[in-house]
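Coordinate analysis (summary)
Each chain, letter by letter, is given below.
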Amino acid sequence: MTATWDTIADWYAELLRTGSPLNDFNRDALLAHLPDRLHGLRVLDLGCGEGLITRALAARGATALGIDPTARLIDHARTTATPGPGSAVYTVDDGCVLGTVADRSVDWVTAGLSLNHVPDLDAALTAARRVLKPGGRLVLSLPHPCFEAPHASWTQSADGAVRRVVGAYLAEGFRRSDDPGAVRRAGYRHRTLSTCLTALLRSGFAPEAVDEPAPPAPVVARSPRRAGLPPFLLIRARAPHDPPGSAG
Ligand SMILES: C[S@@+](CC[C@H](N)C(=O)[O-])C[C@H]1O[C@@H](n2cnc3c(N)ncnc32)[C@H](O)[C@@H]1O
């Protein structure tokens, strides 16, 4: 059976519940780009999965809205307790459309490891811009496009050090891992760094911060060869003050 997000949803939810240092690191690296206090702010978590990031937003006081097209993951998210003082509501929706979210209704959009799954990056960024209030911010994280490209692998050099082999960096498009233990068995979209940045700029977002954090000790302890390479690329970008489609 071909794996999809629906068929791996239970496995993914269990993976995160039992503690995934890499996903926890991604959540924390992404949240480092938001204010500590989100009281009174509405935050859309695009591609929320089972709610790992959405819950952390609620814990900072946000009125958090988690959307994801994978109904089974939304079911999991709804069964988890929401830490106060904020709140979390979960809805099945497509990040390329955001049909359940009103125009100019949220202060922040987070997209943690989800835009590399949307089929149309331009559509997702346009939707994010539409729902953001003027001047609102998007914080996204992606598996690092340079180091997590298709066919990226590891090799041991003569000095014994394990080094990353880049892989097919320029081969953009949909891929599926044949590793039965990999998240990527459900498929993912590889896009180059320039494709991602150009799409962001084309959608009118102004990048404010670009981040390639080093993996922390728990990630390296689980996977020592990850030391010295950033597994994720993070970008914080500001939406313009003018509405989509207006001149300038
Ligand atoms: C690696 S998971 C990340 C989930 C969550 N943000 C986290 O950090 O655990 C990727 C998520 O992207 C979602 N996804 C796939 N297609 C999407 C789309 N068109 N719009 C929004 N999310 C999508 C999947 O259902 C999945 O929940």
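This text follows the structure it describes.
Residues numbered from 1 in each chain as written. Predicted model: local features only at pLDDT ≥ 70, side-chain atom pairs only at ≥ 80, totals over all residues. Heavy atoms only, no water.

1. Describing the sheet that holds strand β3 (residues 87-92)
Heads up, the condition is: Note on pairing: two strands pair once DSSP finds at least 2 bridges between them. Strands here are runs of E lasting at least two residues and helices are runs of H or I lasting at least four, both read from the DSSP assignment and numbered beginning at the N terminus. Every axis corresponds to a line fitted to the C-alpha atoms, with the helix fit spanning only the stretch in contact, and the corresponding angles, defined between N-to-C directions, vary from 0 to 180 degrees.
With respect to topology, seven strands assemble into an open sheet ordered β3-β2-β1-β4-β5-β11-β10, the strand pairing being mixed. Only two strands of the sheet have a single partner each, and these edge strands are β3 and β10 (206-211). Taking each pair of neighbouring strands and ignoring which way they run, the sheet shows an average axis angle of 20°. Pairing between strand β4 (residues 106-112) and strand β5 (residues 132-143): six bridges, direction parallel. Considered in β5, the bridge of T110 is made with V139.

2. Comments concerning the packing of helix α5 (residues 121-131) against helix α6 (residues 193-202)
Our working definition: Roughly parallel covers angles under 35 degrees, roughly antiparallel covers those over 145, roughly perpendicular covers 65 to 115, and oblique covers all other angles. Should the near helix be turned anticlockwise from the far one by less than a right angle, the crossing is termed left-handed; should it be turned clockwise, right-handed. Any two residues whose heavy atoms approach within 4.5 Å are treated as being in contact. Polar here means any residue other than Ala, Val, Leu, Ile, Met, Phe, Trp, Tyr, Cys and Pro, which are nonpolar, and Asp, Glu, Lys and Arg, which are charged; Gly is therefore polar.
Interaxial distance between α5 and α6 falls to 9 Å at its minimum, and their mutual angle equals 40°. The pairing of α5 with α6 is recorded here as oblique in orientation. As α5 runs across α6, the sense of the crossing is right-handed. Across the interface between the two elements, L121, D122 and L125 from α5 touch C196, A199, L200 and R202 from α6. Of the residues assigned to the contact of α5 with α6, the class counts are five nonpolar, no polar and two charged.

3. Side note on the pattern of salt bridges
When the charged atoms of two side chains lie near each other, side chains of opposite charge can form a pair. Formally: Every case where a carboxyl oxygen of Asp or Glu lies within 4 Å of a side-chain nitrogen of Lys or Arg is listed as a salt bridge. Relative accessible area decides the class of each residue, using a 1.4 Å probe on protein chains only: under 20% of the type maximum gives buried, over 50% gives exposed, and in between gives partly exposed.
In this structure the tally under the stated criterion is 15 salt bridges. With a closest N to O distance of 3.6 Å, D159 and R163 form a salt bridge. A residue is classified by how much of its surface remains accessible, and R163, at 45% relative accessible area, is partly exposed. Measuring nitrogen to oxygen at the nearest pair gives 2.8 Å for the salt bridge that ties E208 to R236. Placement of E208 in strand β10 and of R236 in strand β11 (residues 232-238) is noted, with a sequence separation of 28 residues between them. Assessed through its relative accessible area of 31%, E208 is described here as partly exposed. What you see here is one network of salt bridges that share partners, running through R137, E208, R236 and R238.

4. Focus: the site of the ligand
Defined as follows: One heavy atom within 4 Å of a molecule or strand makes the whole residue count as near it. What sets the accessible areas is the Shrake-Rupley method with a 1.4 Å probe; for residues, cover comes only from the shown protein chains.
In the neighbourhood of the ligand, 20 residues make up the surrounding shell, with G47, D68, T70, G95 and G112 lying closest. For the ligand, whose unbound accessible area comes to 590 Å², protein coverage reaches 95%. Element by element, the count of residues in the shell around the ligand is highest for helix α1 (residues 5-17), at three residues. Residues belonging to the shell around the ligand are distributed by class as follows: eleven nonpolar, seven polar and two charged.

5. Describing α1
In plain terms, the rule: Multiplying 1.5 Å by the residue count of a helix minus one yields the expected span of that helix. A residue's bend is simply the angle between two axes: one fitted to the seven residues ending at it, one to the seven starting at it.
Helix length check: α1 (13 residues) gives 17 Å between terminal C-alpha atoms against 18 Å at 1.5 Å per residue, within 8%. Within α1, the axis deviates most sharply at W11, by approximately 30°. The complete set of buried residues in α1 reads W5, I8, A9, Y12, A13 and L16. Remark: G19 follows α1 within two positions and exhibits a positive phi of approximately 100°.

6. Observations regarding α6
Here is the rule: An arc is given here, and it is the one of the directions from the helix axis to the C-beta atoms.
C196, A199 and L200 are the residues of α6 that are buried. Taken end-on, α6 shows its buried residues confined to a sector of 100°, consistent with a single buried face. In α6, those exposed residues whose orientation departs by more than 90 degrees from the buried face are L201 and R202. Next to the buried residues of α6 lie α5, β5, β10 and β11. Downstream of α6 by one or two residues, G204 has phi in the positive range, about 95°.

7. What to know about empty space enclosed by the protein
Put simply, the rule reads: A cavity here means a set of points on a 1 Å grid, drawn over the protein atoms and nothing else, where a 1.4 Å probe fits but cannot get out; a pocket is an open set with protein on both sides within 12 Å along at least five of seven lines, and a residue lines either one if it has an atom within 4 Å of a point. Grid points are joined across faces, edges and corners, and a volume is the space filled by probe spheres set on the points.
For the structure shown, the criterion picks out two cavities of 30 Å³ or more. What lines the largest cavity is a set of 17 residues, among which N116, L142, P145, R191 and C196 lie closest to the centre. Elements with a minimum of two residues in the lining of the largest cavity: α5, β5, β9 (188-190) and α6. Counted as a void, the second largest cavity has a volume near 40 Å³. If you go around the second largest cavity, the residues you meet are F147, E148, W154, R164, R226, L229, P230 and P231.

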